[in-house]
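The primary structure of each chain is shown beneath.
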Amino acid sequence: MTADLVPEFFTVSELTKILKDEIENSPNFTSIWVKGEIYNLTYHSSGHIYFTVKDEGALLSAVFFRYANKNMKFKLEEGMSVLLFGGLTVFEKRGSYQMNVHQARPDGAGELQKRIEQLKKRLEDEGIFDPSRKRPLPLLPKRIGVVTSPTGAAIKDIIKVALRRYPNIEIILAPAIVQGDGAAKTIAAAIAELNKPRWNIDVIIAGRGGGSFEDLMPFNEEIVVRAFYNSRVPIISAVGHQIDHPLSDAAADAAAPTPSVAAEIAVPLKSDLIDEIKYHLSRIENSLYQNLSDKKNIYKNLVSRKIFRNPMEIVNRRGMLLDEVENRLTAVMRSSISRKREKLLRIPDIERLEKGILTSKKHQFHMRLQAIEKMSPLNIMKRGYSIAEDSRGAVIKSVENTGTGDKIEIRLQDGRIRSTVESVIKGD
Amino acid sequence: MEKSKKAAPKTSFEDALTELEEIAMRLEDGDLGLDDSIKEFEKGIKLARICHDKLEEAERKIEILQKGDNSSNEVKNRRVAVKSDTGEIEDDEELQGSLI
């Protein structure tokens, strides 16, 4: 056997380094939950906690550093069953590995989970999570109310996002303690305060950044859930979480996975709203101008007609017509007048005519009169005849009409003879 | 007594915006006569003005509510400055963590 053949080997350091790199960088070992019982517990004066966690088959060393355990809400005790969250580290010098604990919860967390489930069921039966009572958020909130810690990351994120989206937004922060004992009461009180009309709040964001299961517990408590439910002002639940929704999410009008997202939900992008108004305005303008230009074209077509091109033409034409009518009328009048006048002028002729008629009638009368005169008894008497009349003037035509002694008158052509009848002799 | 501001029309931003959109649609239909078109147009301008005014109503301020000094339950609002890039509150006074 020779010592010539030296096998490939690792130094102890090399091997340990490889193991360390392998273990500390593997997701299988860096963020894991481990369940076990606490054993060999040591609270060190530095604030670090050292212990061993074990079950019936194995042991695991664990260290819980001060920065990680300072917010823990329960005290680790010897023999306690716990759930530990953390990662494995390799301690080279001792050739050992241990768990670096980030978070511990009593194994009874199952109890807590059970309690939340029971509360959820009870409130659900009461109608507190009824989706139909969720209200729409205002499109344009003027003032946002925020319930969270004044020193946490949540308020910063909300302010940053809100101011970016809407530079002249108003924000009122009602401070609350968002984790630990008594936190729930302060959250409920802050929500109630922001609901007072004096603050004029349009929408409330209540929540906190992400944290452990215990950190988020206040938002699972009945008093907080009821405060969300009773909020007169629309409210957004903004609790940072990855897996389980806090009960406040179901009681709120809207829920967001982080405070930043809540601010985006609550606060509109001002530039979007301005664009929308501008868009509608330009539609209104364009369609009015379109309408006007349509009407203008119709008008143009109309006015391009001859009549409208020279409106005076109508007037002139009408004027000419008028003149013509007037002329005709005048002519008619004139002829009528002249005819009337002619008639009038002819009237003296008529007079003359009538005079003529009269003359002829006079002549006829004269002739007639002459004939009558010729026939007069006086004319007969000129020829030697006379007429006897009694005393009453009656002509005596018979001897019977007179008697002896009667006074009679005898008319001759040139006078009368009064006489008395001496005797009456009948027949010749 | 609060001084009573001249009662502004109680139109909400939402209502004004919705009506503005409706007017835009009516005008785009093109069924309106010239008179009605101009009337609608004027109404639209008015609504756009209302919307714009509503957008500027808020006056950019961050306030924090704090308990009064005495033992009463009175709550006061105090205006604080913030860095708008980080959202950090810059305030000289120590902030109370809660209202109770």
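The structure under discussion appears in the preceding block.
Everything numeric in this text was worked out from a predicted model, so none of it was measured.

Another point: the overall build of chain A. A tally of helices and strands in chain A yields 13 helices and 13 strands. In the form shown here, chain A has an accessible surface area of approximately 27,800 Å², with 55% of it arising from carbon and sulfur atoms.

Right, let's talk about the pattern of salt bridges for a bit. Residues and elements named next belong to chain A. With the rule as written, the count across this model stands at 25 salt bridges over all chains. We note a salt bridge from Arg122 to Glu222, for which the minimum N-O separation is 2.8 Å. With Arg122 in helix α4 (residues 109-126) and Glu222 in helix α7 (residues 222-230), this pair connects stretches of sequence that are 100 residues apart. Since its relative accessible area comes to 44%, Arg122 is described here as partly exposed. Between Arg416 and Glu409 there is a salt bridge; the shortest N-O distance is 3.0 Å. Residue classification places Arg416 among the exposed residues on the basis of a relative accessible area of 57%. Counted as one network, the salt bridges with shared partners bring together Arg122, Glu126, Glu222 and Arg226.

What follows concerns the interface of chain B and chain A. Facing the 50 residues of chain B at the interface are 46 residues of chain A. Here chain B meets chain A over a buried area of about 4,200 Å², counting both sides, of which 70% is carbon and sulfur. At the surface where chain B touches chain A, the tally comes to 2 salt bridges. Across the pair Glu28(B) and Arg283(A) runs a salt bridge whose closest N-O atoms are separated by 2.8 Å.

With that settled, consider a negative patch on the surface. A grouping of Asp272(A), Asp275(A), Glu276(A), Glu21(B) and Glu22(B) is seen on the molecular surface, where their side chains present a negatively charged patch. Counting only elements with at least two residues in the negative patch, the list comes to α10 (270-303) of chain A together with α1 (13-29) of chain B. With 3 residues, the single largest contributor to the negative patch is α10(A). The topology assignment puts Asp272(A) in helix α10. Exposure remark for Asp272(A): the relative accessible area of 44% places this residue in the partly exposed category.

Remark on secondary structure: sheet strands pair via backbone hydrogen bonds, oriented parallel or antiparallel. Residue and element names in this part refer to chain A. Reading across from one edge, β11-β12-β13 is the order of the 3 strands in this open sheet, with antiparallel pairing throughout. Only two strands of the sheet have a single neighbouring strand rather than two, namely β11 (387-389) and β13 (415-420). Each neighbouring strand pair of the sheet contributes to a mean axis angle of 25 degrees, computed without reference to strand direction.

This part covers helix α9 (residues 259-266) of chain A. Residues and elements named next belong to chain A. Those residues of α9 lying buried are Pro259, Ala262, Ala263 and Ala266. Seen from one end, α9 has its buried residues packed into an arc of 100 degrees, which puts them on one side. The secondary structure elements touched by the buried residues of α9 are β6 (143-148), α5 (153-165), β8 (203-208), β9 (235-239) and β10 (254-256).

Residues and elements named next belong to chain A. Counted by the stated rule, this structure contains 2 aromatic pairs over all chains. An angle of 50 degrees between the planes, with centres 5.0 Å apart, marks the rings of Trp33 and Phe85 as tilted. With Trp33 in strand β1 (residues 32-43) and Phe85 in strand β4 (residues 81-91), this residue pair connects regions lying 52 residues apart in the sequence. Looking at Trp33, the relative accessible area reads 42%, which means it is partly exposed. A ring pair is formed by Phe65 and Tyr67, whose centres lie 6.3 Å apart and whose planes are at 10 degrees; its orientation type is stacked. Note on Phe65: relative accessible area 25%, which makes it partly exposed.

With that settled, consider the sheet that holds β4(A). Residues and elements named next belong to chain A. The 5 strands are arranged β1-β2-β3-β5-β4 in a closed barrel whose pairing can be described as mixed. Taken pair by pair, the neighbouring strands of this sheet meet at an average axis angle of 50 degrees, ignoring direction. The pairing of β1 with strand β2 (residues 49-54) spans 5 bridges and is antiparallel. Following the sheet pairing, Thr42 is matched in β2 by Tyr50.

What counts as what
As a convention, each chain's residues are numbered from 1 in the sequence order in which they are written. For naming, the first written chain is A and the first written ligand is 1, with later ones following in the order written. Per-residue local features are limited, in this predicted model, to residues with pLDDT of at least 70; the limit for side-chain atom pairs, both in listing and counting, is 80 or more; totals at the level of whole chains, interfaces and linings are taken over all residues. Only hydrogens and water are set aside when side-chain values are computed; all heavy atoms of the structure are taken into account. We count a stretch as a helix when DSSP gives it H or I for four or more residues in a row; a strand needs E for two or more, and each element gets its number in order from the N terminus. Working definition of accessibility: Shrake-Rupley area with a 1.4 Å probe, residue cover restricted to the visible protein chains. Here, a salt bridge means any Lys or Arg side-chain nitrogen found within 4 Å of an Asp or Glu carboxyl oxygen. For every residue, the accessible area (1.4 Å probe, protein chains only) is compared with the maximum for its type, and the residue is labelled buried under 20%, exposed over 50%, or partly exposed between those bounds. Contacts: residue pairs with any heavy atoms within 4.5 Å of one another. We define buried area as the total accessible area lost by two parts upon association, computed with a 1.4 Å probe and summed across both. Nonpolar side chains (Val, Leu, Ile, Met, Phe, Trp, Tyr) within 5 Å and like charges within 9 Å form the patches, drawn only from residues with over 30% relative accessible area and no salt bridge. Counted charges follow a simple rule, with Lys and Arg positive, Asp and Glu negative, and His plus the chain ends left uncounted. Positions of charges follow a simple convention, taking NZ of Lys, CZ of Arg, CG of Asp or CD of Glu. Any two strands are treated as partners once DSSP identifies two or more bridges connecting them. Note on method: axes are straight lines fitted to C-alpha atoms, helices fitted across the in-contact stretch only, with angles between N-to-C directions ranging 0 to 180 degrees. To obtain the arc, one takes the directions from the helix axis to the C-beta atoms. Side-chain rings of Phe, Tyr and Trp, where Trp is taken by its six-membered ring, are said to pair if the distance between their centres is within 6.5 Å; with planes under 30 degrees apart they count as stacked, over 60 as edge-to-face, and otherwise as tilted.

Function cannot be read off these values alone, since they describe shape.
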